Amino acid sequence: MTDILQTHPSVLPLVGGINFRDLGGKKLSNGGVIRPGMLFRSGSLDRLTNTDQSLLIDKNLFQIIDYRDSGEIVDKPDRVWEGAQYYHAPANPLSKEVSANLEKLTPEILEQFDAKAFMFQLYKLLPINNPAYKQLATLLKQPEKGGVVQHCAVGKDRTGVGSALVLFALGASLDVVMEDYLLTNETLAPYRAYLLEEHAKTMSDNIVDKFAYVYSVQEEFLQTALASINQHYGNVDTWLEKDIGLDASSRDALQNYFLE
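Quick caveat, the model's predicted, so the values are computed rather than measured. (Residues numbered from 1 in each chain as written. Predicted model: local features only at pLDDT ≥ 70, side-chain atom pairs only at ≥ 80, totals over all residues. Heavy atoms only, no water.)

**Describing the packing of helix α12 (residues 219-233) against helix α13 (residues 236-244)**
Defined as follows: Helix axes are fitted only over the stretch in contact, all axes being lines through C-alpha atoms; the angle between N-to-C directions runs from 0 to 180 degrees. Under the scheme used here, helices are H or I runs from DSSP no shorter than 4 residues and strands are E runs no shorter than 2 residues, and both carry numbers assigned from the N terminus. Oblique is the label for any angle not covered by the other classes, which are roughly parallel (under 35 degrees), roughly antiparallel (over 145) and roughly perpendicular (65 to 115). The criterion used for residue contact is that any of the two residues' heavy atoms lie within 4.5 Å. Charged residues are taken to be Asp, Glu, Lys and Arg, nonpolar residues to be Ala, Val, Leu, Ile, Met, Phe, Trp, Tyr, Cys and Pro, and polar residues to be all remaining types, Gly included.
At a closest axis distance of 9 Å, the pairing of α12 and α13 adopts a crossing angle of 70 degrees. Overall, the two elements α12 and α13 adopt an arrangement that is roughly perpendicular. Across the interface between the two elements, Leu 226, Ile 229, Asn 230 and Tyr 233 of α12 pack against Val 236, Thr 238, Trp 239, Lys 242 and Asp 243 of α13. Of the residues contributing to the contact of α12 with α13, the split by class is five nonpolar, two polar and two charged.

Put into structure tokens, the structure is as follows:
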């Protein structure tokens, strides 16, 4: 992953990190800049080395929120470093229909699987009345307990919506939110290539193409989530207040703490 580590400064230099990056340094429309070393997004933490864990301890990163389904965690449990508080907050609204761990589906099911329909339905449902994001808001309100890393399997969809939530709450414009979201196509590239190579050993080209689509981020995915928010709440600010529990005073407090 050294190519990405060298080309994008937001990615932490972790040996076993998956799309692990700092939201710090982003300039927001309210004039603030997110403080580095406090808010992170990532894929699963099962590959972290002891050296990686030491680096995260040094960064005072002690709040972990894991959005994965239980089955995903059994397969790839996080390596939780000393002093960190771990919170399991499953975020997949389609878990009763399709596990987020698509690799577990049979080839027969995968051949019939509609990747595009799945992704649009996922993003339509993710932001609405999702207990995982209410848990995220709780962690954001207790920064004295250490920096926060939110993650799912590869840090893309469930984490993508969660990261958008954080950025909007801090006063980011849609352009900044979308730029961070789409950056995953670059920062996930090495691990995405590895996964697709592994799938190609046992799966048909048709199925591998579906996984390639599912492992990507597309502007229309996040736009689908935003359209769903607007449909249910009218705008992002009302969503943050009524659904997530971040009213104006709460957001002011977050901005005072996380912005410089």
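**Things to note about the confidence of the model for the chain**
The predicted coordinates of low-pLDDT regions are not to be read in fine detail. Definition in use: The quantity called pLDDT is the predictor's confidence in a given residue, expressed from 0 to 100.
Looking at the chain, pLDDT values average 93 and 95% of them are 70 or higher. For the stretch residues 1-6, pLDDT sits under 50, and the model shows 12 contacts to residues farther than four places along the chain or on other chains.

**Quick word on empty space enclosed by the protein**
Where empty space is left in the structure can be found by rolling a water-sized probe over the atoms. Applied cut-off: Points on a 1 Å grid over protein atoms alone make up a cavity when a 1.4 Å probe fits among them but cannot get out, and a pocket when they form an open set with protein on both sides within 12 Å along at least five of seven lines; lining residues each have an atom within 4 Å of a point. Grid points are joined across faces, edges and corners, and a volume is the space filled by probe spheres set on the points.
For the coordinates displayed, the defined rule picks out two cavities of 30 Å³ or more. Computed from the structure, the second largest cavity encloses a volume of approximately 40 Å³. Lining the second largest cavity are Pro 127, Val 161, Ala 164, Phe 168, Leu 222, Ala 225, Leu 226, Ile 229 and Trp 239. When contributions to the lining of the second largest cavity are tallied by element, the ones reaching two or more residues are α7 (158-169) and α12. Looking at the lining of the second largest cavity residue by residue, the class counts come to nine nonpolar, no polar and no charged.

**A few points about the sheet that holds strand β2 (residues 39-42)**
Hydrogen bonding along the main chain pairs the strands of a sheet, whether they run parallel or antiparallel. The test is simple: We treat two strands as partners when DSSP finds at least two bridges between them.
Strand order in the open sheet formed by five strands is β1-β2-β5-β3-β4, with mixed pairing between adjacent strands. Unpaired on one side and paired on the other, β1 (21-22) and β4 (85-88) mark the two borders of the sheet. As defined by bridge partners, strand β3 (residues 61-66) adjoins strand β5 (residues 147-151) across five bridges and the pair is classed as parallel. In the sheet register, Gln 63 faces β5, and the bridge partner there is Val 148.

**Topic: the pattern of salt bridges**
Worth spelling out the cut-off: Here a salt bridge means any side-chain nitrogen of Lys or Arg lying within 4 Å of a carboxyl oxygen belonging to Asp or Glu. Relative accessibility under 20% of the residue-type maximum defines a buried residue, over 50% an exposed one, and the middle range a partly exposed one, all with a 1.4 Å probe and only protein chains included.
In total, this model carries 10 salt bridges according to the counting rule given. The shortest N-O distance in the salt bridge between Arg 68 and Asp 66 comes to 2.9 Å. Residues Arg 68 and Asp 66 agree in their burial class; the two are buried. Between Asp 157 and Lys 156 there is a salt bridge, and its shortest N-O distance comes to 2.6 Å.

**Some words on the packing of aromatic side chains**
To keep it simple, the criterion reads: The aromatic pairing rule takes the rings of Phe, Tyr and Trp, using the six-membered ring of Trp, and pairs them if the centres are within 6.5 Å, calling planes under 30 degrees apart stacked, those over 60 edge-to-face and the rest tilted.
This model, assessed by the stated rule, comprises 10 aromatic pairs. With centroids separated by 5.3 Å and ring planes inclined at 55 degrees, the aromatic side chains of Phe 113 and Phe 118 adopt a geometry described as tilted. When its relative accessible area of 11% is taken as the criterion, Phe 118 is described as buried. Ring geometry for Tyr 123 against Phe 221: centres 5.4 Å apart, planes inclined by 25 degrees, an arrangement best described as stacked. With Tyr 123 in helix α5 (residues 115-125) and Phe 221 in helix α12, this pair connects stretches of sequence that are 98 residues apart. Residue classification places Tyr 123 among the buried positions, given a relative accessible area of 0%.

**Re helix α2 (residues 50-58)**
Counting along an α-helix, one turn takes 3.6 residues, and residues three or four places apart therefore face a common direction. To be explicit about the condition: The arc refers to the directions leading from the helix axis to the C-beta atoms.
Those residues of α2 that fall on the buried side of the exposure criterion are Asp 52, Gln 53 and Leu 56. Looking straight down α2, one finds that the buried residues subtend no more than 95 degrees of arc, so they occupy a single side. Exposed and facing more than 90 degrees away from the buried side of α2 are Asn 50, Thr 51 and Asp 58. Where α2 terminates, the next one or two residues include Asn 60, which has phi positive at roughly 60 degrees.

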